[in-house]
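Single-letter residue listing:
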Amino acid sequence: MNDELRPRFWDIVPLNKMTPQEWEALCDGCGRCCLNKLEDIDTEELVFTRVACRLFDDSTCRCGNYEIRKQIVPECVVLTPDTLGDIAYWMPETCAYRRLHEGRKLPQWHPLITGDANSVHSAGISMQGRTVSEVQIPLDDWEDHLLEDDA
């Protein structure tokens, strides 16, 4: 494990007290937060699509330009301990940030638990090889690309 991370920090350190390295390490690399979502205005139901942000790298499940993503994609949400309460509902149910915010534990397949960065892919949670880019799909067609297994 990275020397900058305290042992089992996710179990003992509040989200707002984590170091930047610990905060970033919570990301399991599933890529689901990079998926475009559709929200019903009346019911507020959120549905994930397979249509990914134009910066999403489908092979690595990571942002292709993470450090300056907000400059390139102004609508990109930058998740912080301060913003988490307002947008946790928008994150997938499996998301470590959402789970910890809601008082739940990390799932057993999480890379921090397994010590294997590929465990999220092995568990079938990640979007690796399962997305289409938003530059290829018109907004009106997003509903044709709903994610059926919104884990």
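Our subject is the structure that appears above.
None of the values given here were measured: they were computed from a predicted structure.

Criteria and thresholds
- Residues numbered from 1 in each chain as written.
- Predicted model: local features only at pLDDT ≥ 70, side-chain atom pairs only at ≥ 80, totals over all residues.
- Heavy atoms only, no water.
- Pairing = 2+ DSSP bridges.
- Helix = DSSP H or I, 4+ residues; strand = E, 2+ residues; numbered from the N terminus.
- Buried < 20%, exposed > 50% of the residue type's maximum accessible area, 1.4 Å probe, protein only.

Draft legend 1. Focus on the pairing of strand β1 (residues 35–39). As defined by bridge partners, β1 adjoins strand β2 (residues 46–52) across four bridges and the pair is classed as antiparallel. Paired with K37 across the bridge in β2 is F48. Here β1 folds back onto β2, and the loop between the two strands holds six residues, one of which, E44, carries a positive phi near 60°.

Draft legend 2. Here's a closer look at unusual backbone geometry. We note that R8 has phi near 45°; this positive angle belongs to a residue other than glycine. By secondary structure assignment, the location of R8 is in the segment before α1 (9–12). A positive phi is found at E44, a non-glycine position, where the angle reads about 60°. Relative to the assigned elements, E44 resides in the loop between β1 and β2. Look at E44 and you get exposed, because its relative accessible area is 58%.

Draft legend 3. Expanded view of the sheet that holds strand β5 (residues 132–133). Strand order in this open sheet of three strands is β1-β2-β5, and the pairing throughout is mixed. The two strands at the open ends of the sheet, each matched to only one other strand, are β1 and β5. As defined by bridge partners, β2 adjoins β5 across two bridges and the pair is classed as parallel. For A52, the partnering residue across the bridge sits in β5 and is S133.

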